[in-house]
Amino acid sequence: MAKNITTDPDLEQKIENLIAQMTLEEKIGQMSQVRHFDDISPEEIKTKFIGSVIHTQGPLPGNNAAEWQSKFSELQKQALSTRLGIPLIFGVDAVHGQNTYEGATIFPHNIGLGAAANPELVEKAAAITAIESKATGFNWVFSPCVAIPMNEKWGRVYEAFSENTELTAELTKASVIGHQGKFGNSGVLATAKHFIGDGATDFGVEGGSTTLSREEVLERLLPPYQAAIESGIASIMASFNTLDGIPMHAHKALISDLLKGELKFDGIVVSDWKAYSRFGQNDIINAGIDMVMAVDGDLDLFQEGVRNGVLDGSIPENRINDAVRRILRQKFRFGLFDHPFPDKTLIGKIGIPEHRAVARQAVRESLVLLKNENHILPLKRTSRIVVVGPMADNSGLQSGGWTVNWQGTTENYKDATTILEGIKKFTLHEVRYDREGTAEVENVDVAVIVVGENPYAEFFGDIGGEMNLFQLTLPEEQQKFITAYAKRGIKTVVILISGRPLVMTQQIEQSDAFVAAWLPGSEGDGIAEVLFGQFDFKGKLPHSWPKSVEDYKGKYGPNFWDNSIEPLYPFGFGLNYHNKL
Ligand code: GLC
């Protein structure tokens, strides 16, 4: 029995009394999650008894937080005007801050928090994300991703903390408590995702086939979910991958028997995108899915399909009651019946300096120093510096996917600061900026060269997958930045902006200092605070670092628990200013 899940007899009785009054249509409505724009009209919130609304890529709910709140309040009024007046719950992918709202505090993605390995910091970041999510009208976030990425070819490595199970479990606990408040009802519902095996597919294919043995799944992938359940996690999202050849959404043994049975998870198992039509329709309901992202044309198929399933007996009514019970339990637990409308007083908290200070601390602590030849770092304020590359002065490029847009942005966004802006605050001389890496700058002591990956999300980031937009090595045109400055004898400090370790052996050899900065988010100026020695490096590699593309011949890349591939740097590696080199 998970030790923190307290069963409250009065609450359970309230839930049963409500279920007893509900019609089948009202129950199926509670299990329906739709987008606030093209899946339904506001009136259909009422006529179809909708239980949840999600905001994802598409028309914004408004031009500012007050308009977002009022849009959601209009939909909430529709729900409250139904016969039983069960409130809606509003969900969003706030995975590194409330990243769908421009102007919110954007934290380093979880891979950076994994490098920082600071549970207290993760809890603070989650609590701030909860505040800024509530300020924009949400009470449910689809975060944290607790995958154990086993292959850097996967396009979602950065959404997870680490390849190390124990570290992931520890940070998962902190994230859940931060988002939800101590065991629920003061924050937002958090979601551990994607259950199970999302980051362990063969060759890192998003939604691919996971062929780990059951023992390996239980030993290496399950502990973060156990940690989440012990911390009172409100929801768990099913995964797109298959396991044992079964789509995870339809995996009854793992969802119902293991998660709900053995582990006593009492929250909501929510489906992923459009899963009803993609993974077997009523099979996913019978497997244990409680709430369905009935989006992109799936709503009527879902509602009619489940109704017919109950009427023809292929779906037991007690399966529907289990789903509704779990949904109502979280709505009661998080106070939605008492406070169904957003708190306007939180709007002023979005992006405040105190929040950004925590994000800047996370940026600093996420940085991993892989090389520092002849102590080129820390930089001196009197140094004559040239900063190189488009990623040095672009907050969109430094933030990765799930920032402003689903696939991120290649533009600067509101209230964010860049790496170049941070460096300018420290130097006494004018900083030269060689955006294209082609300038013939003279009289410089050191070049700070910022390279890496453009933003991506989900399968767009799979290397070798259907999109094949990215690679394991640095793009040619960026390799030239480093070669051009190195061969002119100018000292080089390379800052890598990436959602994963990349094959950079040659570039590391060419540079005097090399920093893995992951995806720092809105507070890019925090990087300079470490480069100039105001703070020391603290970050340690959350993943083994690959030596060559050859490391990816098999299903997985170099991993801390698989010594068959010698990494360039092991999990946990990281230098600081006191390392004797
Ligand atoms: C996506 C992702 C999932 C996200 C959901 C809603 O496909 O797999 O992580 O929470 O859909 O956007």
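Starting afresh in each chain, residues are numbered from 1 along the sequence in its written order. Restriction of local features to residues with pLDDT of at least 70 applies here, the model being predicted, together with a cutoff of 80 or more for giving and counting side-chain atom pairs; totals for whole chains, interfaces and linings are based on all residues. Side-chain measures were taken over the full set of non-hydrogen atoms in the model, leaving aside hydrogen atoms and water.

K.L.:
Please explain the site of the ligand as it appears in this structure.
P.N.:
Near is defined per residue: the residue qualifies when any heavy atom it owns lies within 4 Å of the molecule or strand. Contacts to the ligand come from 13 residues, most closely from Asp93, Arg156, Lys193, His194 and Asp272. Pairing of N or O atoms within 3.5 Å defines a polar contact, subject to two protein rules: one partner must be a possible hydrogen donor and the other a possible acceptor, and residues neighboring in sequence count only if both atoms are side-chain atoms. Contact distances for the ligand include 2.8 Å between an oxygen atom and a side-chain N or O atom of Arg156. Within the side chain of Lys193, an N or O atom sits 2.8 Å from an oxygen atom of the ligand. Every accessible area reported is derived by Shrake-Rupley at a probe size of 1.4 Å, with residue values counting cover from the shown protein chains alone. Coverage of the ligand by the protein amounts to 95% of the 310 Å² it exposes when considered alone. The residue inventory of the shell around the ligand, partitioned by class, reads six nonpolar, two polar and five charged. In this classification, the charged set is Asp, Glu, Lys and Arg, the nonpolar set is Ala, Val, Leu, Ile, Met, Phe, Trp, Tyr, Cys and Pro, and all remaining amino acids, among them Gly, are polar.

K.L.:
Mind showing me how you'd approach the packing of aromatic side chains here?
P.N.:
Two numbers describe a pair of aromatic rings. These are the distance of the centres and the angle of the planes. Classification of ring pairs uses Phe, Tyr and Trp, with its six-membered ring standing for Trp, and accepts pairs whose centres are within 6.5 Å; under 30 degrees between planes counts as stacked, over 60 as edge-to-face, and the remaining range as tilted. A full pass over the atoms with the stated rule returns 19 aromatic pairs. The side chain of Arg364 reaches across the aromatic face of Phe535, ending 3.7 Å from its centre. The ring of Tyr485 carries the charged tip of Arg488 above its face, separated from the ring centre by 4.8 Å. Charge-over-ring contacts are defined here by two conditions on Lys NZ or Arg CZ: a distance within 6 Å of the ring centre and an angle within 35 degrees of the ring normal.

K.L.:
Explain unusual backbone geometry to me, please; I cannot follow it from the model alone.
P.N.:
Across the chain, the bulk of peptide bonds are trans and the bulk of non-glycine residues have phi less than zero. The residue after Phe195, namely Ile196, is reached through a cis peptide bond having omega -10°. Residue Pro378 follows Leu377 across a cis peptide bond; omega there is 0°. Think of it this way: any DSSP run of H or I at least four residues long counts as a helix, any run of E at least two long counts as a strand, and we number them from the N terminus. Take Pro378: it is sitting in the loop between β12 (368-372) and β13 (385-388).

K.L.:
Please clarify how the packing of helix α6 (residues 119-135) against helix α15 (residues 353-366) should be interpreted in this entry.
P.N.:
Each packed pair of helices is defined by two parameters, the angle between the axes and the distance between the axes. It is the contact of α6 with α15, at a shortest axis distance of 10 Å, that shows an interaxial angle of 140°. Judged by the twist between their axes, the crossing of α6 over α15 is left-handed. Residue-level contacts link Leu121, Lys124, Ala125, Ile128, Ile131 and Glu132 of α6 to His355, Val358, Gln361, Ala362 and Glu365 of α15. For the contact of α6 with α15, a count of residues per class yields six nonpolar, two polar and three charged. Fitted lines through C-alpha atoms serve as axes, helices being fitted only where they are in contact, and the angles separating the N-to-C directions of these axes extend from 0 to 180 degrees. Throughout, a crossing is termed right-handed when the near helix is turned clockwise from the far one, and left-handed when it is turned anticlockwise from it by less than a right angle. Residue contacts are counted whenever heavy atoms from the two residues lie within 4.5 Å of one another.

K.L.:
How should I be thinking about the side chain of Asn282 in this particular structure?
P.N.:
As for its position among the elements, Asn282 is in helix α12 (residues 282-287). At 2.5 Å, the side chain of Asn282 and the side chain of Tyr276 are in polar contact. Look past the residues within four positions of Asn282 in its chain and what remains in contact with it is Tyr276, Gly305, Val306, Gly309 and Ile315.

K.L.:
What exactly am I supposed to notice about the pairing of β12 here?
P.N.:
Regular strands show a simple pattern: their side chains alternate between the two faces of the sheet. Each residue's exposure class comes from its accessible area (1.4 Å probe, protein chains only) as a fraction of the maximum for that residue type: buried when under 20%, exposed when over 50%, partly exposed otherwise. The buried fraction of β12 is high, at five of five residues. Two strands pair when backbone bridges link them, and β12 and strand β17 (residues 513-518) are joined in this way by four bridges, in the antiparallel orientation. Considered in β17, the bridge of Leu369 is made with Val515. DSSP bridges decide pairing: two strands pair if at least two such bridges lie between them.

K.L.:
Help me understand helix α7 (residues 165-180) in this model?
P.N.:
Counting along an α-helix, one turn takes 3.6 residues, and residues three or four places apart therefore face a common direction. Take the residue count of a helix, subtract one, and multiply by 1.5 Å to get its expected span. In this model, α7 (16 residues) spans 22 Å end to end at C-alpha, consistent with the 22 Å of a helix rising 1.5 Å per residue. Burial runs high along α7: 13 of the 16 residues are buried. Between the side-chain oxygen at the start of α7 and the backbone nitrogen of Glu166 there is a gap of 2.9 Å, and the oxygen is on Asn164. A positive phi of about 85° marks Gly181, the residue just after α7.

K.L.:
Would you explain the domain arrangement of the protein chain in this entry?
P.N.:
How large an interface is tends to be reported as the accessible area lost when its parts come together. For every domain, the bounds stem from an assignment made automatically or drawn from a database. In terms of domains, the protein chain is made up of domain 1 (28-347) and domain 2 (353-552). A separation of 32 Å is found between the C-alpha centroids of domain 1 and domain 2. Listed by partner, the interface residues are 45 residues for domain 1 and 45 residues for domain 2. Both sides together, the interface formed by domain 1 and domain 2 hides about 3700 Å², and carbon and sulfur atoms give 58% of it. Salt bridges, as used here, are contacts in which a Lys or Arg side-chain nitrogen is within 4 Å of a carboxyl oxygen on Asp or Glu. Here domain 1 and domain 2 share one salt bridge between them. Note that Arg156 is salt-bridged to Glu458, the shortest N-O span being 3.8 Å. Where domain 1 touches domain 2, the interface holds 27 residue pairs in polar contact (both at pLDDT 80 or more). Put simply, buried area is the surface a 1.4 Å probe can reach on two separate parts but cannot reach once they are joined, added for both.

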